[in-house]
Amino acid sequence: MKAIILAAGRGTRIPQITKKKPKCLIKINKKTILERQISFLRKLKIKDIIIVKGFKKNKIIIKQIKYIENKNYKKNEQLDSLFYAKSEFTEDLLILFSDIIYDFSIIKKIYYQKKKLITLAVDKNWKSRYKFRFDHPVEQADKVKINKKNNIIKIGKKLKIEETNGEFLGILKVSKNGCKVILENFKKYKKNQNTANKQIHDFLKFLINKGIHISSLSVQGKYMEIDTLNDYKLAKKIFEK
């Protein structure tokens, strides 16, 4: 299995910290978010770790890591950033957003999930985390609707709260066959879309609408997406030990 970490973004909503370094290098409890994620991957015996970097790329220096540069990070978003690493879609993959801090138990659970095409880690108790996120409303969450078979049938920030029963946590597992499905459909998607302004959830929505099964895996544990200064302060409290 390989792991791809997306770390090219500028983190414009938290300039107090990211003016001089990428958001993934924010330190929580004496360790950066990126170091924490990599330590988890190595604990799971994943040796092939790829980081897609862009903003302040020279600041991200970790040994025994493969780097791919998103040279157009100023103009593109998450989805295009991922596909800079399309040559790595050759075997089972974990894809991780680099601005998220979480317990090892979360990534461990999705790592050991039975092989399916595409599986998203989701939090079904997601609303409780937004109680104190006053500058990051629930409308901005990557919301999902899950059916009784644990398949995701709707995804996106525009999903109505009343039909949402989970939040996508920025961790997904893709099987080798799932990689083939993703690469084939990305070509089709790109023909009709300006992918530069698209997020990964936009493409996942396209796959769902094409009838491709995307599974959900409900996870529990400490978790925090760091998008704003308030998120950072909350994360420091949550992960202070």
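Residues numbered from 1 in each chain as written. Predicted model: local features only at pLDDT ≥ 70, side-chain atom pairs only at ≥ 80, totals over all residues. Heavy atoms only, no water.

**A look at unusual backbone geometry**
At step 1: Phi angles above zero are rare outside glycine, and Lys30 is one such case at about 70°.
At step 2: Relative to the helices and strands, Lys30 resides in the loop between strand E2 (27–28) and strand E3 (31–32).
At step 3: Taking relative accessible area as the criterion, Lys30 reaches 79% and is therefore assigned exposed.
At step 4: One non-glycine residue, Lys45, lies in the positive phi region at around 70°.
At step 5: With respect to the secondary-structure elements, Lys45 resides in the loop between helix H2 (33–43) and strand E4 (48–53). (Helix = DSSP H or I, 4+ residues; strand = E, 2+ residues; numbered from the N terminus. Buried < 20%, exposed > 50% of the residue type's maximum accessible area, 1.4 Å probe, protein only.)

**With respect to the pattern of salt bridges**
At step 1: Under the definition given, this model contains 15 salt bridges.
At step 2: Ionic pairing is found between Arg13 and Asp227, a salt bridge with its closest N-O pair at 3.4 Å. Here Arg13 is found in the loop between strand E1 (2–7) and helix H1 (15–18), whereas its partner Asp227 is found in the loop between strand E13 (223–225) and helix H7 (229–238), with 214 residues between them in sequence.
At step 3: In this structure Arg13 comes out as partly exposed when scored by relative accessible area, which is 36%.
At step 4: Overall, the relative accessible area of 15% leaves Asp227 in the buried class.
At step 5: Put simply, Asp80 and Lys190 hold a salt bridge, and the shortest N to O gap is 3.9 Å. (Salt bridge = Lys/Arg side-chain N within 4 Å of Asp/Glu carboxyl O.)

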